[in-house]
Amino acid sequence: MNLNERWGMVGHTWAVEALEHAIRTRRAAHAFLIAGAHGIGKTTLARALAKRLLCTTNDSPVAQNDLFGGAAVVNEPPCGECRACVKNAKGVHPDVMLLEGVPSRDFYNKNGSTAPPRKSDREKRILLVDQMRDMEKWLSTAPFEGKYKIGIVRRFEDANEEAQNAFLKTLEEPPSHAILILTAQDAGLLLPTIVSRCQPLNLRPLSVESVERALMEKWNANEADAQLLARISGGRLGWAVRALSTPNVLETRRAALDALNALVQEGRAERITRAEKLSKDSSELPQMLETWQTWWRDILLLASEQNARVTNVDYMNALQSHAQQLSIEDIQRALNATRTAARQLGQNANARLVTEALTLRYPRGG
Ligand SMILES: [Zn+2]
């Protein structure tokens, strides 16, 4: 079993190797900042690191004699078999605390209730100062079972300045048994005083091929789903795995693409009616515009004969026909208009007006 497999990781090999080396040479940091896009594998790596640190198999490989005279079995951490590894695999190790933001104050309960699962990647959450203080208190006492107490804080960009400052106190004087692992989309969103105290690990997307392979081999996806999800994910395996088990991700995408494909063949009045309908559920709009951006990007790729990089492979015929009919300028304008609309929505512009203006800007084709 290679190192990545032992850690339970797909890809991000350089990060696993760097961490393993640091642990073996006893130079591991007390605080880490794992950065990268949503669903890229940050929390998976944080949990794997916790499992590695708490595994009770010796740090040096131990060859155990096989009772039946076979080849010696070499146990290396994380062994996956000791009590600590089993508990970590189930997410119930008492020396690991995982915090993430809560949707509203109502959901946070000091008596250990955890945040409900996110409805989508975009769900807004806040990490509260109370949560930071609870973690600090929890870290201040000795570990229950292992050598360390490990605090993982997901999406630290959800912490406001007050909460970040509360956490900074813990980072400045951590108890010797404490290991802190933060995850964030981008280190630039955090206070520099926090970033400078953490060892950075910036995760990059995996190749589309390796996501596709992992989906088929480890998550039993069929080839068509694996190919499509790997491409839509842009190399974010965690996103693809979640999408695989959430059927409406592909349905919602299909509805968004069908609407766009119909829209570009319609006249002004029909577009206005359609825009009004589409903007009714404004919570769905950001995702829809993101999907629409992949559509225009694909047409642009096809128009410049970069077919291999197309995302929406299941719409190849429609995309090809648009690419043949539209000028590069028209396609680029449509893509830019979609990006602008997405930005405006992010700034709380009126959903109906933004959608209407956007649909009227699209070229006619089909
Ligand atoms: Zn173990």
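Side note on unusual backbone geometry
Note that the residue after Pro-77, namely Pro-78, is joined by a cis bond; omega there is -10°. With respect to the secondary-structure elements, Pro-78 resides in the loop between strand S3 (73-75) and helix H4 (83-90). Even without glycine at this site, Asn-220 takes up a positive phi of about 55°.

A closer look at the domain arrangement of the chain
If you check the domain split of the chain, you get domain 1 (3-202), domain 2 (207-246) and domain 3 (248-361). Between domain 1 and domain 2, the contact holds 6 residues from the first and 7 residues from the second. Here domain 1 packs against domain 2, burying approximately 560 Å² in sum over the two surfaces, 55% of which is carbon and sulfur. By the criterion of area lost to domain 2, the three top residues of domain 1 are Val-10, Gly-39 and Asp-121, representing 69% of everything that side buries. Between domain 1 and domain 2 we count 0 salt bridges in total. When its residues are assigned to classes, the side of domain 1 that touches domain 2 shows 3 nonpolar, 2 polar and 1 charged.

A closer look at the nonpolar core
In this structure, Leu-260, Trp-292, Trp-295, Trp-296 and Tyr-362 are the most contacted members of the largest nonpolar core, which totals 30 residues. When residues of this core are traced back to their parent elements, those giving at least two are helix H11 (248-263), helix H13 (285-303), helix H14 (316-325), helix H15 (328-346) and helix H16 (351-361). A per-element tally of this core places H13 first, with 9 residues. When residues no more than four places from it in sequence are discounted, the contact partners of Trp-295 are Leu-257, Leu-260, Asn-261, Asn-312, Tyr-315, Ala-318, Leu-319 and His-322.

Quick look at the pattern of salt bridges
In total, this model carries 13 salt bridges according to the counting rule given. Among the salt bridges present, the one from Arg-197 reaches Glu-172, with a minimum N-O distance of 3.5 Å. Residue Arg-197 is located in the loop between helix H7 (192-195) and strand S7 (199-202), and its partner Glu-172 is located in helix H6 (residues 161-172); the two are separated by 25 residues in the primary sequence. Judged by its relative accessible area of 38%, Arg-197 is partly exposed.

Focus: the coordination of the zinc ion
Cys-55 (SG), Cys-79 (SG), Cys-82 (SG) and Cys-85 (SG) make up the full set of protein donors to the zinc ion, lying at 2.3 to 2.4 Å. Mapping the donors of the zinc ion onto the primary sequence gives the spacing C-x23-C-x2-C-x2-C. One end of the pair, Cys-55, is in the loop between helix H3 (42-54) and strand S2 (62-64); the other, Cys-82, is in the loop between S3 and H4, and 27 residues separate them in sequence.

Describing the packing of helix H12 (residues 268-278) against H16
Relative to each other, H12 and H16 sit at 145°, their axes nearing to 8 Å. Judged by the sense of rotation from one axis to the other, the crossing of H12 with H16 is right-handed. Between H12, through Arg-268, Arg-271, Ile-272, Ala-275, Glu-276 and Leu-278, and H16, the contact on the second element is made entirely by Arg-352, Thr-355, Glu-356, Thr-359 and Leu-360. Tallied by class, the residues present in the contact of H12 with H16 amount to 4 nonpolar, 2 polar and 5 charged.

Some remarks on the packing of H11 against H13
Running from amino to carboxyl end, H11 crosses H13 at an angle of 60°, the nearest separation of the two axes being 9 Å. On the basis of the axis angle, H11 is oblique to H13. As H11 packs across H13, the resulting crossing turns out to be right-handed. For the pair H11 and H13, the contacting residues are Arg-253, Ala-256, Leu-257, Leu-260, Asn-261 and Leu-263 in the first and Met-288, Thr-291, Trp-292, Trp-295 and Trp-296 in the second. Taken together, the residues of the contact of H11 with H13 sort by class into 8 nonpolar, 2 polar and 1 charged.

Thresholds applied
Residues numbered from 1 in each chain as written. Predicted model: local features only at pLDDT ≥ 70, side-chain atom pairs only at ≥ 80, totals over all residues. Heavy atoms only, no water. Helix = DSSP H or I, 4+ residues; strand = E, 2+ residues; numbered from the N terminus. Domains from an automatic or database assignment. Contact = heavy atoms within 4.5 Å. Buried area = accessible area lost by both parts, 1.4 Å probe. Salt bridge = Lys/Arg side-chain N within 4 Å of Asp/Glu carboxyl O. Nonpolar A, V, L, I, M, F, W, Y, C, P; charged D, E, K, R; others polar. Core = buried A, V, L, I, M, F, W, Y, C linked by side-chain atoms within 4.5 Å. Buried < 20%, exposed > 50% of the residue type's maximum accessible area, 1.4 Å probe, protein only. Donors = N, O, S within 2.8 Å, 3.2 Å for Na, K, Ca; no water. Axes fitted to C-alpha atoms, helices over the stretch in contact; angles between N-to-C directions. Left-handed = near helix turned anticlockwise from the far one by under 90°. Parallel < 35°, antiparallel > 145°, perpendicular 65-115°, else oblique.

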